[in-house]
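Analysis of the macromolecular model
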Amino acid sequence: MSSSGWILAVCLVVLEGGRHAVWAEEGSGSERNCSAIPPYLPPTAVNTTLRLRDLRASMIPLNISAYIIPATDAHLSEYIAPRDARLAWMSGFTGSAGTAVITQNKAVLWTDSRYWIQAERQIDCNWELERDASVRSITNWLILEIPEGGQVGFDPFLFSVDTFDVYNTNLAPAGRILKSIPDNLVDKIWTGRPPLPPDNPIPQNYTTQSHLMQEIFSEFFCKTQAKQLSLCFSIFSGLFNLRGNDIPFNPFFYSYTLLSMDEIWLFVHIERITEELKVYLNSSCYHSYCVQLLEYSSVRTYLQSYLQRPNVRVWVGTEYTNQALYELITPEDKLLTTTYSPVLTTKAVKDATEQHILKEAHIRDAVAVMQLLVWLEKKVPEGTETELTAAHFVDQCRRYRTNSRGPSFETISASGANAALAHYSDGTTDITRTVHWGKPTDFQKEAYTRVLMGNIEISRSVFPAGTRGVNMEMLGRRALWEVGLNYGHGTGHGLGNYFGVHEWPVGFQSNNIPFQEGMFTSIEPGYYKENDFGIRIEDIAVTVPATTKHGNNYLTFETVSLVPYDRKLINTSLLSPEQVHWLNKYYESIRSVVGPELERQALKEEYDWMMKHTAPFLSAGASAVISSVTLLVTMLPSVLLHNLL
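Nothing here was measured: the structure is a model prediction, and the numbers come from that model.

Criteria and cut-off values
- Residues numbered from 1 in each chain as written.
- Predicted model: local features only at pLDDT ≥ 70, side-chain atom pairs only at ≥ 80, totals over all residues.
- Heavy atoms only, no water.
- Pairing = 2+ DSSP bridges.
- Helix = DSSP H or I, 4+ residues; strand = E, 2+ residues; numbered from the N terminus.
- Axes fitted to C-alpha atoms, helices over the stretch in contact; angles between N-to-C directions.
- Contact = heavy atoms within 4.5 Å.
- Buried < 20%, exposed > 50% of the residue type's maximum accessible area, 1.4 Å probe, protein only.
- Arc of directions from axis to C-beta.
- Core = buried A, V, L, I, M, F, W, Y, C linked by side-chain atoms within 4.5 Å.

So, on to the sheet that holds strand S9 (residues 151-154). Taken together, the six strands give an open sheet; going across it, the order is S8-S7-S6-S5-S9-S10, and neighbouring strands pair in mixed fashion. Sheet topology places strand S8 (128-130) and strand S10 (177-180) at the edges, where each strand pairs with a single neighbour. For this sheet, the mean inter-axis angle between neighbouring strands, taken without regard to orientation, is 25 degrees. Two elements, strand S5 (residues 66-70) and strand S6 (residues 99-103), share five bridges in a ladder whose sense is antiparallel. When the sheet's bridge partners are listed, tyrosine 67 is paired in S6 with isoleucine 102. Across the face of the sheet, helix H1 (residues 49-59) comes into contact with S5, S6 and strand S7 (107-110) while running at roughly 65 degrees to S6. Helix H5 (residues 161-171) contacts S5, S6, S9 and S10 of the sheet and is inclined by roughly 145 degrees relative to S10.

Here you go:
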């Protein structure tokens, strides 16, 4: 390994300081060069010539001028199963965010700044890369490329109601027509498409979200006015306290639910439902309140027949309901919409049991992360380990933690210029630490410290309950903005309780819901210097009541990630006294909470390391000096845990 740095997903990031394409051998340049003669393609690029030919042939009889391929599934998931990775199979690009548009003579990929470098390494010269992931950019391109009256095909299962509206609002006035094609065109040409996983859904032996059903029915009573109100939503296993294994790193199974005041329908792959599971689902119900099982593929047909009933009204959340179901609900008087369904907004607030489970999980995970950092401190100077072996080591540490059910996303590990990729391997982080073994440059220290300042400013903020995260988001960027730096990703996302590592609708974006007590969010500012190094500091925090001098109903954040930051990279002369005070209090929490667990497990070396790295900062400019050989940013996924409480 070189002497400058690497990234790892825990997340660990190390900072270091006709023509025919030529397919390169391993060890050659890492990004494509389509302007070269002949074009240069790295070994990581995928040849998509035949796939594009077949897709274009399937478009002709449908009379569509373009076809849109999003990077999601029928449940609008961020993380998807291999069988739903249509964008990846079609283009070679495996990033978790992107959209492709294919016409008869062009193929274009849109993605955001996290994935620009990755895209240049994976797509071949059949593809153009647009460095703007907005729908407006895509629709502007379509208006220029296809004639007025031209049809743009899309799979309605892969579009949310809101996403369809944005596309249609831009295209319809220009005379371009969106054409719904429920039978996905990529699936028709995808030879060797992975099958459905064989795993059966399984019930959990503990109760979470016990308040969920009660609060959903309370919402029903508020919304019902002389009509029968039903709620249609997808892939929410928490309502039944079930988990599955259909999507890697997420305990979900494919499903839809239709819920009314007196009936519950669950659409699943029935062949996977065991007799024991049927007994479980109906163990405490009677008559129509029992769960009625229907085949997963019949959801559209059944919804159509259900809508024929008199006085029926269906409530959908437009952000996470797919257009394939929504377009069936006519006329409009049968429809009730909100941005998010009550399922999402209710489970965003964790009850006392869930909060305890999540906090305990982070204590156990902090031990594993500290084991990794101690191991790296010894191994990196030897130069014998790689990004992948470091990722494997932390996965092993976590695997032996109590109630571990595996990582919440694939561990990310990268070094040198790779550290400038916010998501080097396809996945997203839950906790991120950046560490350095060697002599960091003044700029690296300043960039790191300003990222830390952003993390602290959000973490220590006090705000009225009901404040939207978007109104606080700039606190994470202000210290960077002051010197002309920034980052191109969001500042935080919600966290599930033995669910997904990214759980909407909590976070700091404009479409997130207001913060209430009991919500968990990440706080993750960063900075990335392309082809040089990358920094991110990410913690998970829960909203808790704040004590103020004059007012009530105020909140603040309690950080539940419990791993110290790298002292060598902190220039305390840039920190305010309030920021130094917050940092010292945080380190006191690590000592008091994680210290006893390290002692209980007899991890003396890790305990000593923790005590050394959580020593209080006594004055401006004081920072420990720890010498070694490289600079590393570590991004750590949360593990999927459950707690038998």
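Spatially, four strands are ordered S22-S27-S26-S23 in an open sheet, and the strand pairing comes out antiparallel. Each end of this open sheet is capped by a strand with a single partner; those strands are strand S22 (463-464) and strand S23 (520-523). Alignment of S22 against strand S27 (residues 554-559), held across two bridges, turns out to be antiparallel. Counterpart to phenylalanine 463 in the pairing with S27 is leucine 555. Its contacts with the sheet place helix H14 (residues 442-459) against S23, strand S26 (539-545) and S27, and it is angled at close to 135 degrees to S27.

The next thing to look at is helix H17 (residues 604-613). The periodicity of an α-helix, 3.6 residues per turn, causes residues three or four places apart in sequence to face the same way. Of all the positions in H17, only Glu606, Trp609, Met610 and His613 are classed as buried. All buried residues of H17 fall inside an arc of 100 degrees around its axis, so they share one side. Of the surrounding secondary structure, the elements contacted by the buried residues of H17 are helix H12 (352-379) and helix H16 (577-600).

Moving on to the nonpolar core. Ranked by size, the top nonpolar core spans 49 residues in total, and within it Leu376, Tyr565, Ile570, Leu583, Ile590 and Val594 carry the most contacts. If one sorts the elements of this core by residue count, H12 sits on top with ten residues. Core analysis: the second largest hydrophobic core is formed by 25 residues, Leu52, Met90, Trp127 and Val186 among them.

The next thing to look at is unusual backbone geometry. Going from isoleucine 37 to proline 38, the amide bond is cis rather than trans, its omega being -5 degrees. Tryptophan 504 connects to proline 505 through a cis peptide bond whose omega is 15 degrees. Examined against the element boundaries, proline 505 turns out to sit in the loop between helix H15 (478-481) and S23. In this structure, asparagine 63 is a non-glycine residue whose phi angle is positive, near 60 degrees. Along the chain, the position of asparagine 63 falls in the loop between H1 and S5. Positive phi, normally seen in glycine, also occurs at asparagine 553, with a value near 60 degrees.

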